[in-house]
Amino acid sequence: MKRTAILVAPLPRLAACGSDGSDDAAGGGDRLEVVTSFYPLQYAVQQVGGDRVEATNLTRPGAEPHDLELSPKDVLSVAQADSVVYLADFQPAVDDAITEADGTAFDVTKAARLDLAATDDGHDHGGESAEEHAGHDHGSQDPHFWLDPERYADVADAIAGELGRVDPDHAAEYEQNAKDMRTRLDTLDASFREGLKDCQTTDLVTSHAAFGYLADAYGLTQESITGLTPETEPSAQAMKDVVEHIREHDVPTVYAETLVPKDVAETIAKEADAQVMVLDPIEGVTDESSAQDYFGIMEANLTTLEKGQSCS
């Protein structure tokens, strides 16, 4: 993977007041400038920060975040930000830019509780921990925490703490916004538990291994065509194994995604006599997404799963 890392010195930030000298929409001077590494973190910062924060996303709409490369302008924005909210070891170019920049960065890894091992082979390993999975030598953890609403709520709380540290005058407001987001996420979690509590099949066959936390939270077992990286081309043997798994377990649905080609999923589904539906890992939002924000897409995902897993 190509990495871009440019050493830059932090530059002084300019005031963001209007021509009349009045405060901007944040109500107390400049808005915090927070750079985020991919969409779920940008969305969480927007919800927790509200009008007091300007959250920009390093991963452009429609781009796959796993293979992000940064332009010099992106690297400069990392150096100048009031804070950079990111997930370590997920996007190496972001890690490199943070290392080179003399700025403030906040890693959400601890709050996200990444305790499922990443699967490079496309097979679920039974909810085992990263330590138990070490013998498989994948060397990393599944980063897709946001597909479990409860983990996502914990990250929102942590982001509130980071914003409050940078802007202590409004710490209570950030904390309240995080509480409000948790309430919505608790409701979403309850909807998933109710909707997926009685399904004819619990085998979740997906394009890539993005749904481990969702599967673990709601009693499903992920069987993915590729591993952690969605662009990886599966071997002929891997495709054969998935087809056999679908047939053996009478799985009715293969789930394709929005940001990667659907041809492999369609080929496997046709061979195994299964249908294809789209399940969104919410790594980015485009015009092809089922909704234009996290909650809308998750609700659409639930509707898809209820149908695709034959839930009642």
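Residues numbered from 1 in each chain as written. Predicted model: local features only at pLDDT ≥ 70, side-chain atom pairs only at ≥ 80, totals over all residues. Heavy atoms only, no water.

A. Representation of the packing of helix α1 (residues 39–49) against helix α5 (residues 149–166) in the model. At their nearest, the axes of α1 and α5 sit 9 Å apart, and the two run at 60° to each other. In terms of orientation, α1 and α5 fall into the oblique class. Here α1 and α5 pass one another in a crossing that is right-handed. Where α1 abuts α5, its residues P40, L41, Y43, A44, V45, V48 and G49 lie against Y152, V155, A156, I159, A160 and L163. Residue composition of the contact of α1 with α5, grouped by class: 12 nonpolar, one polar and no charged. (Axes fitted to C-alpha atoms, helices over the stretch in contact; angles between N-to-C directions. Helix = DSSP H or I, 4+ residues; strand = E, 2+ residues; numbered from the N terminus. Parallel < 35°, antiparallel > 145°, perpendicular 65-115°, else oblique. Left-handed = near helix turned anticlockwise from the far one by under 90°. Contact = heavy atoms within 4.5 Å. Nonpolar A, V, L, I, M, F, W, Y, C, P; charged D, E, K, R; others polar.)

B. View of the sheet that holds strand β5 (residues 203–206). The four strands lie next to each other as β6-β5-β7-β8, forming an open sheet whose pairing is parallel. The strands lining the two open edges of the sheet, one partner per strand, are β6 (221–224) and β8 (275–278). Between one strand axis and the next, the sheet turns by 35° as a mean value, whatever way the strands run. In this sheet, β8 lies alongside strand β7 (residues 253–256) in parallel orientation, the contact comprising four bridges. When the sheet's bridge partners are listed, T253 is paired in β8 with Q275. Of the strands in this sheet, β5, β6 and β7 are in contact with helix α8 (residues 236–249), which crosses β5 at around 150°. (Pairing = 2+ DSSP bridges.)

C. Molecular detail of the packing of aromatic side chains. Across all of its chains, the model carries 11 aromatic pairs by this definition. An angle of 55° between the planes, with centres 6.3 Å apart, marks the rings of F145 and Y152 as tilted. Relative accessible area serves as the criterion here: at 0%, F145 is assigned to the buried category. Residue Y152 is classed as buried on the basis of its relative accessible area of 0%. Taken together, the aromatic side chains of F38, Y39, Y43, F90, F145, W146, Y152, Y294 and F295 make up a single cluster linked through ring pairs. Taking the ring centre of F295 as reference, the NZ or CZ of R184 above it sits at 3.8 Å. (Phe/Tyr/Trp six-rings, centres within 6.5 Å; stacked < 30°, edge-to-face > 60°. Buried < 20%, exposed > 50% of the residue type's maximum accessible area, 1.4 Å probe, protein only. Lys NZ or Arg CZ within 6 Å of the ring centre and 35° of its normal.)

D. Main features of the pairing of β6. Bridge count between β5 and β6: four bridges; the pairing is parallel. For L204, the partnering residue across the bridge sits in β6 and is Q222. Where the polypeptide runs from β5 across helix α7 (residues 212–217) and back to β6, its parallel neighbour, the crossover connection is right-handed. (Right-handed = clockwise from strand over helix to strand, strands pointing away.)

E. Highlighting the pattern of salt bridges. Throughout the structure, instances matching the rule amount to 13 salt bridges. In this structure, the salt-bridge partner of R52 is E173, at a minimum N-O distance of 2.7 Å. Note that R52 is positioned in the loop between α1 and β2 (53–57) and E173 in helix α6 (residues 171–195), a separation of 121 residues in sequence. Judged by its relative accessible area of 16%, R52 is buried. For E173, a relative accessible area of 31% translates into the label partly exposed. R165 serves as the salt-bridge partner of E162, at 3.1 Å between the closest nitrogen and oxygen. (Salt bridge = Lys/Arg side-chain N within 4 Å of Asp/Glu carboxyl O.)

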